[in-house]
Amino acid sequence: MNAEHRISLPGGRTLCLRPAREADAAGLLALLKSVVDEQVYIGLESVPSSVEEELRWLRTLMRRRRTLALVATSGDRIVGFLTLEPGTFGQKDAHVATLGIMVAPDFRAQGVGRAMMDYAVTWARLHQFEKIQLEVFASNRRAYAFYRKLGFVEEGRRRAAYRLPGIGLVDAIHMALFLNLQYP
Ligand SMILES: CC(C)(COP(=O)(O)OP(=O)(O)OC[C@H]1O[C@@H](n2cnc3c(N)ncnc32)[C@H](O)[C@@H]1OP(=O)(O)O)[C@@H](O)C(=O)NCCC(=O)NCCS
């Protein structure tokens, strides 16, 4: 799945989905900063201080086996980013991929997240993953509704796991999408 996928967005714009490249470092840094600046959707508190630092992080991610770093572009701009990463315990959790996703504030609620997720689920199946897992802040109702809509189920909560600016203490909700996993 290295080819580009093109999808039509509302308003006649085209969204392009493809694996990240080194040349994406600056665009990814800009996207990451816009989401980190919102403070309440992802755990990350700061972004790399330079494009070079971002590039080093991206290279490490891209070199990891069974890892997806997917970008969504509109024109020259990176408007979405999704990662799927395998577990770290060899065969014991080789069937599980952990998901991270973000869409630029002005591109939300237009189908970008769903398009990236469809790509990611196909990729996960091709790479023999049987479960996609994630953690979402309980206060992030939009993301929670988004995951539910895509078939994720709630697995459990860690109580008062985070203290978010302007919100206070929130639970961490663990969610998962099972891909043909035979489990009682
Ligand atoms: C959560 C996020 C990834 C969703 O991506 P998106 O591009 O906004 O979502 P989409 O437009 O593709 O929506 C997909 C589906 O989710 C549903 N959905 C999206 N936002 C919703 C909301 N606020 N309430 C209810 N359903 C919602 C839509 O109805 C849509 O279903 P449809 O395709 O049948 O209409 C995006 O909003 C985002 O990046 N948020 C900030 C960062 C973040 O929260 N990341 C996740 C941290 S765990």
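Criteria and cut-off values
In this convention, every chain numbers its residues from 1, walking through the sequence in written order. At least 70 in pLDDT is required for a residue's local features to be given in this predicted model, at least 80 for side-chain atom pairs to be given and counted, and no such filter applies to totals for whole chains, interfaces and linings, which use all residues. The side-chain values count all of the structure's non-hydrogen atoms but skip hydrogen atoms and water molecules. By the convention used here, strands pair only if DSSP detects at least 2 bridges between them. A run of H or I in DSSP becomes a helix once it reaches four residues, and a run of E becomes a strand once it reaches two; helices and strands are each numbered from the N terminus. Lines fitted to C-alpha atoms define the axes here, with helix axes fitted over just the stretch in contact, and angles between the N-to-C directions of these axes take values from 0 to 180 degrees. Side-chain atoms within 4.5 Å are what join buried Ala, Val, Leu, Ile, Met, Phe, Trp, Tyr and Cys residues into a set we call a nonpolar core. Each residue gets one of three labels from its accessible area relative to the maximum for its type: buried under 20%, exposed over 50%, partly exposed in between, using a 1.4 Å probe on protein chains only. Residue contacts follow a heavy-atom distance rule, with two residues in contact if any of their heavy atoms lie within 4.5 Å. Polar contact is defined as a pair of N or O atoms within 3.5 Å, subject to the rule that within protein one atom must be able to donate a hydrogen and the other to accept it, and that residues adjacent in sequence are counted only when both atoms are side-chain atoms.

K.L.:
Go over the sheet that holds strand E6 (residues 131-137), please, and point to the residues and values.
P.N.:
Taken in spatial order, the eight strands line up as E1-E2-E3-E4-E5-E6-E8-E7 in an open sheet, and their pairing is mixed. Only two strands of the sheet have a single neighbouring strand rather than two, namely strand E1 (5-8) and strand E7 (153-164). Strand-to-strand twist across the sheet, computed as the mean angle between neighbouring axes with direction ignored, equals 25°. Alignment of strand E2 (residues 14-19) against strand E3 (residues 68-74), held across four bridges, turns out to be antiparallel. Bridge pairing in E3 links proline 19 to leucine 70.

K.L.:
Hey, could you go over the nonpolar core for me, with residue numbers and the actual values?
P.N.:
Ranked by internal contacts, the top residues of the largest apolar core, which has 53 residues, are Leu82, Leu84, Leu99, Met116, Ile132, Tyr147 and Phe152. The biggest single contributor to this core is helix H3 (residues 112-126), with nine residues. If near-sequence neighbours (up to four positions away) are discounted, leucine 99 is found in contact with Leu82, Thr83, Leu84, Met117, Ile132, Gln133, Leu134 and Tyr147.

K.L.:
Outline the side chain of threonine 67, supporting the account with residue identities and numerical values.
P.N.:
Inspection of the secondary structure assignment puts threonine 67 in the loop between helix H2 (51-63) and E3. For threonine 67, a relative accessible area of 14% puts it in the buried group. In this structure the side chain of threonine 67 is engaged in a polar contact, spanning 3.0 Å, whose partner is the backbone oxygen of arginine 65. Leave out the neighbours within four places in its chain, and threonine 67 touches Leu61, Leu84, Glu85, Pro86 and Trp123.

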